[in-house]
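Given next are the chains, with one letter for each unit.
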Amino acid sequence: GLLPMRILLRRIVCVGAGAYHSFAGKEDGTVLAWGLNAYRQLGITFDEEDEDAEKDIVWAPMEVKALSPKSLGSGRRVVQIAGGEHHTLFLLNDGSVYGCGRCDGCELGLPEDHPEIAAFASDTGSTSSSRSGRSSSSGAFAYIAKPTLIHFPPPPTPLEPNPSTPSYDDETRSVLNPMTRIAASLRHSFAV
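The paragraphs below set out a description of the structure included in this document. (Residues numbered from 1 in each chain as written. Predicted model: local features only at pLDDT ≥ 70, side-chain atom pairs only at ≥ 80, totals over all residues. Heavy atoms only, no water.)

Structural notes on the side chain of Ser96
Stage number 1. By the element assignment, Ser96 lies in the loop between β6 (87–92) and β7 (97–102).
Stage number 2. Of the polar contacts made by the side chain of Ser96, one reaches the side chain of Arg76; its length is 3.4 Å.
Stage number 3. Among the polar contacts listed, one links the side chain of Ser96 to the side chain of Asp94, at a separation of 2.6 Å. (Helix = DSSP H or I, 4+ residues; strand = E, 2+ residues; numbered from the N terminus. Polar contact = N/O pair within 3.5 Å; in protein donor to acceptor, adjacent residues only side chain to side chain.)

Okay, structure coming up:
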């Protein structure tokens, strides 16, 4: 559309967009998404058996079930959404950040020991310099389909001015450094 048109959504408290995809967060915590999904940047997944499903484009607002308050638990909900060209970040009210979509250029900031990134290497026998594990019907490569928690190093201290991020296999991890804002551009992301 070339002219602004009303979208029939109610009780929206936040909106976000990427280059080819859009989001609306509802008052009840539901996140809706629509647009290009070739790199699964909407966080919407489909059953692989459903051959009739259009997986690369979502034409009308659809719920991102992985980001529902029920799925997130503990009263957590999305408060800010930022999209890049083919990836998306979601900031939750507890300061945690989730991301999905393209990651072959490190857009999501996931380290090599992250289970999803490690899966790319084992699927293809490749290293982090050539992540290309999963592809969509459009031929898009290297994406994280389900919104995935992104960890950040703890805040610096006088004794440890450049702390490292603990390994993803460390089960004791929590939100060590809560974020307050997120932003994304074509192939890079920011968190404050």
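Comments concerning the sheet that holds strand β8 (residues 143–150)
Stage number 1. Pairing is antiparallel across the open sheet formed by 4 strands, whose spatial order is β5-β6-β7-β8. In this open sheet, the two edge strands, each paired with only one partner strand, are β5 (78–83) and β8. Each strand of the sheet is rotated relative to its neighbour by a mean of 15 degrees, with strand direction disregarded.
Stage number 2. In the sheet, β6 pairs with β7 via 5 bridges, with the strands oriented antiparallel. Each bridged residue has a counterpart across the sheet, and for Phe90 the counterpart in β7 is Tyr98. (Pairing = 2+ DSSP bridges. Axes fitted to C-alpha atoms, helices over the stretch in contact; angles between N-to-C directions.)

Side note on unusual backbone geometry
Residues other than glycine predominantly adopt negative phi, and peptide bonds predominantly adopt the trans conformation.
Stage number 1. The backbone of Arg11 shows a phi angle near 55 degrees, a positive value even though the residue is not glycine.
Stage number 2. Its location among the elements puts Arg11 in the segment before β1 (12–17).
Stage number 3. Backbone geometry at Arg40 places phi at a positive 55 degrees, although glycine is not the residue there.
Stage number 4. Inspection of the secondary structure puts Arg40 in the loop between β3 (31–36) and β4 (57–63).
Stage number 5. On the basis of relative accessible area, Arg40 is assigned to the buried category, the value being 7%. (Buried < 20%, exposed > 50% of the residue type's maximum accessible area, 1.4 Å probe, protein only.)

Focus: the packing of aromatic side chains
Stage number 1. Evaluated as defined, the whole model comprises 1 aromatic pair.
Stage number 2. Measuring from ring centre to ring centre gives 5.4 Å for Phe23 and Phe90, while their planes differ by 85 degrees; the resulting arrangement is edge-to-face. Linking Phe23 in strand β2 (residues 21–26) with Phe90 in strand β6, this pair joins segments that are 67 residues apart in sequence.
Stage number 3. For Phe90, a relative accessible area of 0% gives the class buried. (Phe/Tyr/Trp six-rings, centres within 6.5 Å; stacked < 30°, edge-to-face > 60°.)

Let's talk about the environment of Asp104
Stage number 1. The topology assignment puts Asp104 in the loop between β7 and α2 (115–124).
Stage number 2. In this structure Asp104 comes out as partly exposed when scored by relative accessible area, which is 26%.
Stage number 3. Residues Asp104 and Ala142, 38 residues apart in the sequence, show an inter-C-alpha distance of 5.2 Å.
Stage number 4. Within the structure, the side chain of Asp104 is placed 2.7 Å from the side chain of Arg102, a separation counted as a polar contact.

Some details on the side chain of Asn37
Stage number 1. In this structure, Asn37 sits in the loop between β3 and β4.
Stage number 2. Within the local environment of Asn37, its side chain forms a polar contact with the backbone nitrogen of Leu42, the two atoms lying 3.2 Å apart.
Stage number 3. Within the structure, the side chain of Asn37 is placed 3.2 Å from the backbone oxygen of Lys55, a separation counted as a polar contact.
Stage number 4. Setting aside residues no more than four positions away along its own chain, Asn37 makes contact with Leu42, Gly43, Ile44, Phe46, Lys55, Asp56, Ile57 and Val58. (Contact = heavy atoms within 4.5 Å.)

Read these as spatial facts, not as claims about activity.
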